[in-house]
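Each chain, written out:
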Amino acid sequence: MEQVPTSAAAKPPENVRLGILSMLLAMALMTIMNALAKILAESYPLGEVTFFRNLFALLPAVAMVAAAGGRSCLHTDHWQGHLWRAIVGLASMVLLFWAYHLMPLANAVAISYSAPLFLTALSVPLLGERVGAFRWGAVAVGFAGVLIMVQPGAGMLDRGALVALTAAVCYALAMIAMRQLGRTEKPVTTVFYFTVVSTLLSALALPFGWTTPDGHALALMAGMGIAGGGAQYFSTRAYSLARAVVVGPFSYASLIYATILGWLVWGDVPAPHVIVGATVVIGSGLLILYRETRRAAASPSKPCTTPSGAGPIRTA
């Protein structure tokens, strides 16, 4: 989940090259995490896969806390906000892992690009934000791209596409919660409590479905969690090194990574309509990102929050 950690006045000088490299690395790690989740979901219950993803992600989360100053950065007076953010974020994670199991990896990632569109639409009733004609136009174009990808017909949406779209809606709600928390909380605080609460909540599902993992599966689960936590760290670092308008578009590299990995591991090749639809959605997302960046620049006193116009769902 990308977050801008500080206000512009407190940010160090930009390092664009390192920021871009950090984002590309974050997307590579996220793709590895998603691929491992898809592999593990073939043999293990979804709740168990989600639990171990969160459990092992505690390792990089604790490292982030240590690097940010230790226990002092964990103080919060907004427990309800952290709990709600964890609930909707965990729901998004579970649904997206399920979508990976139901459909090709690249297709699920492409549909996840619709999350910023839902975020823009939901920010009006839930955050009271004003969305002008420019951004509404970008949202309309983006949803047209979603329709191209999912191709609803007489049978409506197939189950995988419907699950992926629901995951995108849940992630949009999580992003709104992050925006609200971002007014008072440090990014590392939100990341840490999300990981802790998600681990505890996902543990509740273990009695209803458990398959004891062997050594190989446990190693894959550890790699999945650490990759997810690493993706969180490097995406956060990317936004601390350079402006969102610079590094945000590089989050779309995840679709390239997912396409390559899906082809190498499962022999999946995205259909032409998926590629066309994803291109439309990405274009609309970049327009929203551009507009958000201009608005932020015009209101320097407004606290920086999570960029809303770029990138797929972050399950990190």
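The sections below set out a description of the structure shown in this document. (Residues numbered from 1 in each chain as written. Predicted model: local features only at pLDDT ≥ 70, side-chain atom pairs only at ≥ 80, totals over all residues. Heavy atoms only, no water.)

**Considering the overall build of the protein chain**
Within the protein chain one finds 12 helices and 0 strands. Each helix and strand of the protein chain, ordered N terminal to C terminal, gives the series α-α-α-α-α-α-α-α-α-α-α-α. Within the protein chain, counting contacts between residues at least 6 apart in sequence, those at least 24 apart form 90% of the total. Total accessible area on the protein chain is roughly 13500 Å²; 69% of this is exposed by carbon and sulfur atoms. (Helix = DSSP H or I, 4+ residues; strand = E, 2+ residues; numbered from the N terminus. Contact = heavy atoms within 4.5 Å. Areas by Shrake-Rupley, 256 points an atom, 1.4 Å probe, with all protein chains shown as cover.)

**A short note on the packing of helix H5 (residues 115–127) against helix H6 (residues 133–150)**
For the pair H5 and H6, interaxial distance at closest approach is 9 Å and the crossing angle is 135°. It follows from the interaxial angle that H5 and H6 lie oblique. At the point where H5 passes H6, the crossing takes the left-handed sense. Only Arg 135, Trp 136, Ala 138, Val 139, Gly 142, Phe 143 and Val 146 of H6 make contact with H5, whose side of the interface consists of Leu 117, Phe 118, Thr 120, Ala 121 and Val 124. (Axes fitted to C-alpha atoms, helices over the stretch in contact; angles between N-to-C directions. Parallel < 35°, antiparallel > 145°, perpendicular 65-115°, else oblique. Left-handed = near helix turned anticlockwise from the far one by under 90°.)

**Some words on the nonpolar core**
Core analysis: the largest hydrophobic core is formed by 80 residues, its most contacted members being Ile 111, Met 224 and Leu 255. Per-element tally for this core: the top contributor is helix H7 (residues 159–181), with 13 residues. Once residues within four sequence positions are removed from consideration, Met 224 is found in contact with Met 33, Leu 36, Ala 37, Leu 40, Val 49, Phe 52 and Arg 53. If you look at the next biggest cluster of nonpolar residues, it comprises 9 residues, including Met 64, Val 65, Phe 192 and Tyr 193. (Core = buried A, V, L, I, M, F, W, Y, C linked by side-chain atoms within 4.5 Å. Buried < 20%, exposed > 50% of the residue type's maximum accessible area, 1.4 Å probe, protein only.)

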